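Chain by chain, the residues run as shown.
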Amino acid sequence: MFCVNHYTTKIARHATLRLSAKSYEYDRDLSEAEEGDSPTTAISNQRAVAWGLRRLLNWIKEEYGDPEIYITENGVATESKTTWDDSARVFFYKTYIDEALKAYDLDGVKVKGYTVTSLMDSFEWLNGYKLGFGLHHVDFTNPNRPRTPKYSAHFYYQVIRDNGFPTPDDEKMLYGHFRKDFIWSTATASYQIEGGWRADGKGLSIWDKFAHTPLRVFNDDNGDIACDSYNKVEEDVAILKQLKVTHYRFSISWSRVLPDGTTKYINEPGLNYYHRLVDALLAANIQPHITLYHWDLPQALQDIGGWENETIIFKFRDYADLIFSRLGHKVKFWITINEPYNIANVGHGYGAAAPGISFRPGTLPYIVGHHLLKAHAEAWHLYNEKYRAKQKGIISITINSDWSEPRNPYKQEDIDAARRVVQFYIGWFAHPIFNGDYSDMMKTIIRERSLAAGLPKSRLPEFSPEEIKRIKGTYDYFGFNHYTTVLAFPVDYGNLQHYDADRGAGTIADRTWLDSGSSWLKVSPFGFRRILNFIKEEYGNPPIIITENGISERGSIDLNDIHRSYYYEKYINQVLKAYLLDDVDIRGYTAWSLMDNLEWATGFSERFGLFYVNRSDPKLPRVAKTSVAQYSTIINCNGFPDPASGSHECLNPEPEGTSAPITDDTVQFLGMKLSTSDAETGLNTTFALLIVAVFAAVCSSFCFFKARKQHRKNSMWKL
Ligand code: BGC
C-alpha cells in the first residue's frame, strides 16, 4: 500500500538556480509560488488547494503501479483563538474529501482510507500552541486540558456516517407539473437593451449620466446602443417566439416617454416604440408584463433630488397614470418598481449604481426606500381605483432578496445574523406592503443604534398610521427576484452609522457552490425553495410570480452554456417542490435574461442571456445558446415529466419551436478563437503574406543564382 500525507499544492516554474552551494533546493531548478485563487490558511504558504489532492492521487496511481492508497494525514491549521467555530476547516474537509472521492469514484484510484489531522489541537512544532489542526479544541491554560469538539468535528462525523456525500433529499429531482395557467416568461430592462439613448427626443436618464462618467462602469461600457432593441422589435419578438414563453417582462424608459420626467411634455415617438412592441407581442400571443421603473430615472428629476425629494412620489404616479391610460387597454400585467432594495442601497448607499451616491449610507438609503414604498403605493391605488375595473389587469412591486443560512448552523449568533440579513433585505420592503409598517426588528435595531450614536431619533423614517394603512395591501401578487444564497455571521461595526452596520452581519459563500460570471452569484438552488417558503409563512401565503432568476458567465463565448441549463433545471425544480410539496402559491416564473445585455456597473462583461448578442457584428444578431432549447422544453412540458412513466411528447419540441441551428460564429484560427470575420481577415492577411513570401523567395533564389553565375563569371574573368 501507499501511505501519503498531503496538505497543499504549489505552482512551480522552471528556474535556473546556482550550482553552489550544493543543496537540494538548487538541484530542483525550480521556483514555487502559491496558488493565488485558493483560500489562505493560518500558515503562510499553505493555501487550501483541494483539487491538488485529486491530481496527486492520480499521479501516484500512474507513477507507482496503481497501488492501494491510504491518506494518512490531511488537515488545515487555524489560529488557536478560533476555538470551536472553525468553518474554514469545514470548508477544507468538504472540498478535500470530495476531491479524494472524485479520484476514487471517477478516476478509479484505489483510495482505501482517509485520516484527518488532527484529532485535537496539540504542540505544533515550530508554531508551538499558536496554531491548531484539531477537530477538538484543547484549552492549554487549563491544567485538565479539556477537549471541546469544534464545528469541524460535527461535520466530519457526518461524512463518516454517510461514507461520503450522498445527494441530500432536497436536492433530488422532483417530477411533476405547474398549474395549468402557469406564466412562463423571460425578462429585460430598458437601459440594459434599448440603446437609442438620444433617439426621437428621448431625455437623459441617470444611467446615461452614470455610464458616461469615467470609471463608473467596467470598461467604460454604456447603454448608448446596447442591444439596439429600440430598432429591433421584430427580432426580439422572433426570439421570444422561439423560446415559447407565454409572457415577456420588459420595462419602460421613463425619460423616453417623458423627457424631463413630468407630463408637461409627452414624447409620442418614444411612446410609440412601446406600442409597436406591445402590438407585436400580442400578435405573437405573448402577454406583455411591464415594469414602470427599472432604475433609469429621468436625469431632470435627479437634478431636483431624485428619490430623495418627496415630490417624486406624485411625479411617479403621474407617469404611471400616463402609461396606464395609453397602454393599459392592451396590458394585463404590471410591476411598479423593480428591486427597491437595489435602488435604495446600491444606488444611494454603496453608490455602485446610478445615481452613485455613497456619502450618507446611514440615512439616505432609508429615506429613498421610504419614498419608493410610498410611490409604489400611490401607483397601485391609482390603478386600483381608476383603471382596474376597465382594464382588468394585476399590478404589484418586484422585491429581490438572497436567502441566508447561518455560517455555522450550530451557533445561535450565526442563526440570528442570517435572520437579520433576510429581514433587512426582503423584509425592508415586503413587511410594509404585506404586513404593514417596517418590521419590529428593523425599527428596533436602527432606532437603538441611532440613539446610541447620539442622534435625536431613528435614522429609519417613520410612517404615520394613515401611511401604514395606505401602503399595506398594495399588491395583487408577490413579484420576486432571486439568484443566490449566502452564509451569515455577526459583525460588530461599533458606532458606524451604515446599513451594513445596522444589519450587523457579514456574508460568505460555501466554497463548494458552483461559481458564475458574477462574484455575488453562487449556484445554491436549495435556498430558492427556502425563501419561497419564507414568503409564504411571513407574508400570508400571497400568490407569487417569480419575476427574475438566472445565471451569468464571463470570458470567452461558448454557446454550449451547460452551466445555465444546469442552473435553470435545478432552480426551477426547487420552485416545483415549493409548489407541489409545500403548497406555496406560485403563479409564474421568469428567466433573467432574454439576451446578453448591459449588466449595469459590470458593463457587457457579465452575460445573463439565453441568447448571445454578437457585439462584434454591427447588426447585433441574437444567437440561441444551448439553454434556449432546454428552457423551452421545460416550458413545453410545464415542468418535469417523470422519465419512469415512459416517453413524453413534450420533450420533443415541435418544428416551429426548434431553435435555429446554433451557430457559434467563432472559429479556431492558428490556435486562437476568432469571430468568422476576424478569421477571414486573418486568412486573407496570411495568404497575402504567403504570396509576398513566395515572391520574395523566388526573387532571392533568382538573385542568388544570378549572383553565383556572376561570381563564377567574375572568377572566370579572373582566370
Ligand atoms: C436586476 C437586473 C440585473 C440582474 C442581474 C437584477 O438585480 O433587476 O436588471 O441585470 O439582477 O444582476
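Predicted model only: the values in this text are computed from it and were never measured.

Details of the UniProt feature "active site" (unreviewed entry) in the protein
Consideration 1: Mapped onto the present numbering, the UniProt feature "active site" (unreviewed entry) falls on Glu73 and Glu548. These residues run over 476 residues, and the two farthest C-alpha atoms among them are 45.8 Å apart, placing them at more than one spot.
Consideration 2: Position of glutamate 73 among the secondary structure elements: in strand 4 (residues 69-73).
Consideration 3: Taking relative accessible area as the criterion, glutamate 73 reaches 28% and is therefore assigned partly exposed.
Consideration 4: Aside from chain neighbours lying at most four places away, what touches glutamate 73 is Val4, Asn5, His6, Tyr7, Thr115 and Thr117.
Consideration 5: Of the polar contacts made by the side chain of glutamate 73, one reaches the side chain of asparagine 5; its length is 3.2 Å.
Consideration 6: With respect to the element layout, glutamate 548 can be found in strand 20 (residues 544-548).
Consideration 7: A relative accessible area of 4% places glutamate 548 in the buried class.
Consideration 8: When neighbours within four sequence positions are excluded, glutamate 548 is seen to be in contact with Arg249, His294, Asn338, Glu339, Phe480, Asn481, His482, Tyr483, Thr590 and Trp592.
Consideration 9: In terms of polar contacts, glutamate 548 uses its side chain to reach the side chain of arginine 249, at 3.1 Å.

Observations concerning the site of the ligand
Consideration 1: Every one of the 14 residues lining the ligand counts as a neighbour, but Gln192, Glu339, Glu548, Glu599 and Trp600 are closest to it.
Consideration 2: Between the ligand and the protein, one listed contact pairs an oxygen atom with a side-chain N or O atom of histidine 294 at 2.9 Å.
Consideration 3: When isolated, the ligand has an accessible area of 310 Å², and the protein chains bury 95% of it.
Consideration 4: Residue classes in the shell around the ligand are distributed as six nonpolar, five polar and three charged.

So, the sheet that holds strand 21 (residues 586-592)
Consideration 1: Reading around the circumference, 11-12-13-14-15-17-20-21 is the order of the eight strands in this closed barrel, with parallel pairing throughout. On average, each strand axis in the sheet is inclined to that of its neighbour by 25°, with strand direction left out of account.
Consideration 2: Pairing of strand 12 (residues 247-251) with strand 13 (residues 287-293) involves five bridges; the strand directions are parallel. Bridge pairing in strand 13 links phenylalanine 250 to isoleucine 290.
Consideration 3: With respect to the sheet, helix 14 (residues 412-435) is in contact with strand 15 (394-400) and strand 17 (478-481), its orientation differing from that of strand 15 by roughly 155°.

Description of the state of the cysteines
Here, the word disulfide means a covalent bond between the sulfur atoms of two cysteines.
Consideration 1: Inspection of every chain in the model, using the stated rule, returns one disulfide.
Consideration 2: The side chain of cysteine 637 participates in a disulfide bridge whose partner is cysteine 650; the two sulfur atoms lie 2.1 Å from each other. On the S-S bond that ties cysteine 637 to cysteine 650, the torsion sits near 100°, and the link is right-handed. One end of the pair, cysteine 637, is in helix 20 (residues 626-637); the other, cysteine 650, is in the loop between strand 24 (639-640) and strand 25 (666-669), and 13 residues separate them in sequence.

Digging into the packing of aromatic side chains
Given two aromatic rings, one states the distance between the centres and the angle between the planes to describe the pair.
Consideration 1: Tallying each qualifying case throughout the model produces 60 aromatic pairs.
Consideration 2: Judged by centre distance (3.8 Å) and plane angle (15°), the ring pair of tyrosine 567 and tyrosine 571 falls under stacked. Of the two residues, tyrosine 567 and tyrosine 571 both sit in helix 19 (residues 562-580), four residues apart, roughly one turn of that helix.
Consideration 3: We classify tyrosine 567 as buried; its relative accessible area is 0%.
Consideration 4: The class for tyrosine 571 is buried, based on a relative accessible area of 0%.

Basis of the calculations
- Residues numbered from 1 in each chain as written.
- Predicted model: local features only at pLDDT ≥ 70, side-chain atom pairs only at ≥ 80, totals over all residues.
- Heavy atoms only, no water.
- UniProt positions renumbered as here; feature names shortened; annotations may be inferred.
- Helix = DSSP H or I, 4+ residues; strand = E, 2+ residues; numbered from the N terminus.
- Buried < 20%, exposed > 50% of the residue type's maximum accessible area, 1.4 Å probe, protein only.
- Contact = heavy atoms within 4.5 Å.
- Polar contact = N/O pair within 3.5 Å; in protein donor to acceptor, adjacent residues only side chain to side chain.
- Near = heavy atom within 4 Å.
- Areas by Shrake-Rupley, 256 points an atom, 1.4 Å probe, with all protein chains shown as cover.
- Nonpolar A, V, L, I, M, F, W, Y, C, P; charged D, E, K, R; others polar.
- Pairing = 2+ DSSP bridges.
- Axes fitted to C-alpha atoms, helices over the stretch in contact; angles between N-to-C directions.
- Disulfide = S-S within 2.5 Å.
- Phe/Tyr/Trp six-rings, centres within 6.5 Å; stacked < 30°, edge-to-face > 60°.

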